[in-house]
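So you can see what is in the structure, the chains are spelled out below.
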Amino acid sequence: MTNFPAILARLCGTFGEDRTDFLDSLGDYDLLIIDDLGAERNTEYALEQMFSIIDSRYRSNKPLIVTTNLKLDELKHPPDLAHARIYDRILERCAPILFAGKNFREDNAASTKAVARHIVSADHSKS
């Protein structure tokens, strides 16, 4: 399991055969899970790498799970041809499933803020 920003960061430091080996390794897994599609920067380079990875997985017919905060309508109606080529392959190989539960990060953030308030107020009472 990985995400595209992590893949892109790894690719930035590799060249030649190391780069090819890394990209090929993503196709070796029985299951590849790519988290948070759409969080990466939309550069031409990022789109090329994303297409390469998705297309490789698509052609190998190996399972792929992609998570994203993009709406299904955004995947079905991409802003340009580069995104369309990627999203079409994802939609053909992956069954869209909507998870519409509560955002646990909001609860975690509220808890973190409460702890911080307690620490700050305790520090002020000691001064």
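See the structure shown above.
Residues numbered from 1 in each chain as written. Predicted model: local features only at pLDDT ≥ 70, side-chain atom pairs only at ≥ 80, totals over all residues. Heavy atoms only, no water.

What follows is about the nonpolar core. In this structure, Phe4, Ile53, Ile54 and Ile86 are the most contacted members of the largest nonpolar core, which totals 21 residues. Looking at this core, the elements with two or more residues in it are helix H1 (4–12), helix H2 (16–28), strand S2 (32–37), helix H3 (44–60), strand S3 (64–68) and helix H5 (81–93). Considering each element in turn, this core owes the most residues, 5 residues, to H3. (Core = buried A, V, L, I, M, F, W, Y, C linked by side-chain atoms within 4.5 Å. Buried < 20%, exposed > 50% of the residue type's maximum accessible area, 1.4 Å probe, protein only. Helix = DSSP H or I, 4+ residues; strand = E, 2+ residues; numbered from the N terminus.)

This part is about the packing of aromatic side chains. A complete count under the given rule lists 0 aromatic pairs for this structure. Over the aromatic face of phenylalanine 51 sits the side chain of arginine 85, whose NZ or CZ is 3.8 Å from the ring centroid. The positively charged end of arginine 89 is found above the aromatic ring belonging to tyrosine 58, 5.6 Å away from the centroid. (Phe/Tyr/Trp six-rings, centres within 6.5 Å; stacked < 30°, edge-to-face > 60°. Lys NZ or Arg CZ within 6 Å of the ring centre and 35° of its normal.)

Here we come to a negative patch on the surface. Taken together, the side chains of Glu17, Asp18, Asp21, Asp24 and Asp28 make up a negatively charged region of the molecular surface. For aspartate 24, a relative accessible area of 45% corresponds to the partly exposed category. (Patch = residues over 30% accessible without salt bridge, like charges linked within 9 Å, V, L, I, M, F, W, Y side chains within 5 Å. Areas by Shrake-Rupley, 256 points an atom, 1.4 Å probe, with all protein chains shown as cover. Salt bridge = Lys/Arg side-chain N within 4 Å of Asp/Glu carboxyl O. Lys, Arg positive; Asp, Glu negative; His and termini not counted. Charge placed at Lys NZ, Arg CZ, Asp CG, Glu CD.)

Looking now at the sheet that holds S2. A sheet is described by the order of its strands in space; here 3 strands give the open sequence S1-S2-S3, paired in parallel fashion. A strand with exactly one partner marks an edge of an open sheet, and here the two such strands are strand S1 (2–3) and S3. (Pairing = 2+ DSSP bridges.)

Another aspect to go through is the pattern of salt bridges. Within this structure, the stated rule accounts for 2 salt bridges. Aspartate 55 serves as the salt-bridge partner of arginine 89, at 2.8 Å between the closest nitrogen and oxygen. Taken as a pair, arginine 89 in helix H5 and aspartate 55 in helix H3 lie far apart in primary sequence, 34 residues in all. Of the two residues, arginine 89 and aspartate 55, neither departs from the other in class, the shared state being buried. Overlapping salt bridges, with partners in common, bring together Asp55, Arg59 and Arg89 in one network.

Moving on to the pairing of S2. Inspection of the sheet shows S1 paired to S2 by 2 bridges, in the parallel sense. In the strand pairing of S2, asparagine 3 is matched with aspartate 35. Relative to S3, S2 runs parallel, the two being bridged by 4 bridges. If you follow leucine 37 over to S3, its bridge partner there is threonine 68. For the crossover from S2 across H3 to S3, the handedness is right-handed. (Right-handed = clockwise from strand over helix to strand, strands pointing away.)

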